[in-house]
Amino acid sequence: MSDMFEKATKAAKNVGGNVFSSAKNLGNSLYNSTKEQSELASLNVQQSVIEKKLNHFYAEIGRRYVEYIEKCEGEVSFEVEDVLDQMKPELEKLEEVKVQIAEKEAQIKQNNEEKARKKAREEFDAKKAKLDKAASMEIISEEEYQEKLAAAQKKYDNYEILRKIDMQLEMGIISKEEHAEKVKNILC
């Protein structure tokens with residue numbers, strides 16, 4: 001009786017540990033994703049603020065140009081160097097922010113791709129674990145095991161191609177029927 005209690009306690013601890021670990025990983029993932037999105041939003045706000053400042057300068061240049069055209073008798077020159085000098089630091093900041101935005105977007109994209117790859121690996125590992133268990137319990141034959149494992153492995157190996165096909169469907173480039181056909185051709 002105590003042996004059964006110990007096994008049940010050990011199983012409960014394992015399940016609890018797995019749940020805790022999964023929750024912790026999910027929490028960290030959500031935090032990192034939220035942090036990255038927040039940083040990107042902040043950069044976009046910075047870009048917007050700089051662009052508004054620049055619009056003020058552009059308006060001043062336009063106002064001066066109109067005055068120049070109205071008084072265009074050859075004696076008045078079109079002077080905007082002072083405005084351009086004021087714009088220069090803002091233009092430099094704008095370029096820096098645009099570079100930071102591009103880098104952050106690339107980082108977010110890379111992190112999302114890594115998460116998707118990790119998920120694909122976890123799905124393969126879970127499928128394999130189920131197949132291993134079914135084979136050990138003699139629920140499926142060795143031939144069925146190898147066949148199903150090969151299919152799961154092929155799906156994992158072709159992850160990138162399948163992801164691109166999914167993206168084509170999401171973007172409306174292909175229909176559901178075309179998607180199904182393409183996936184079938186890759187997995188068969």
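Let me sum up the structure you'll find in this document.

About the thresholds
Residues numbered from 1 in each chain as written. Predicted model: local features only at pLDDT ≥ 70, side-chain atom pairs only at ≥ 80, totals over all residues. Heavy atoms only, no water. Phe/Tyr/Trp six-rings, centres within 6.5 Å; stacked < 30°, edge-to-face > 60°. Helix = DSSP H or I, 4+ residues; strand = E, 2+ residues; numbered from the N terminus. Buried < 20%, exposed > 50% of the residue type's maximum accessible area, 1.4 Å probe, protein only. Patch = residues over 30% accessible without salt bridge, like charges linked within 9 Å, V, L, I, M, F, W, Y side chains within 5 Å. Areas by Shrake-Rupley, 256 points an atom, 1.4 Å probe, with all protein chains shown as cover. Salt bridge = Lys/Arg side-chain N within 4 Å of Asp/Glu carboxyl O. Lys, Arg positive; Asp, Glu negative; His and termini not counted. Charge placed at Lys NZ, Arg CZ, Asp CG, Glu CD.

On to the packing of aromatic side chains, then. Evaluated as defined, the whole model comprises two aromatic pairs. Here the aromatic rings of phenylalanine 124 and tyrosine 156 are separated by 5.8 Å at their centres, their planes lie at 25°, and the arrangement is stacked. Taken together, the positions of phenylalanine 124 in helix H2 (residues 81-136) and tyrosine 156 in helix H3 (residues 142-157) put the pair 32 residues apart, joining distant regions of the chain. You can call phenylalanine 124 buried: its relative accessible area is 7%. With a relative accessible area of 25%, tyrosine 156 lands in the partly exposed category.

Now for a positive patch on the surface. Together, Lys127, Lys130, Lys148 and Lys155 make up a region of like positive charge exposed at the surface. Elements represented by at least two residues in the positive patch include exactly H2 and H3. By relative accessible area, lysine 130 is classed as exposed at 62%.

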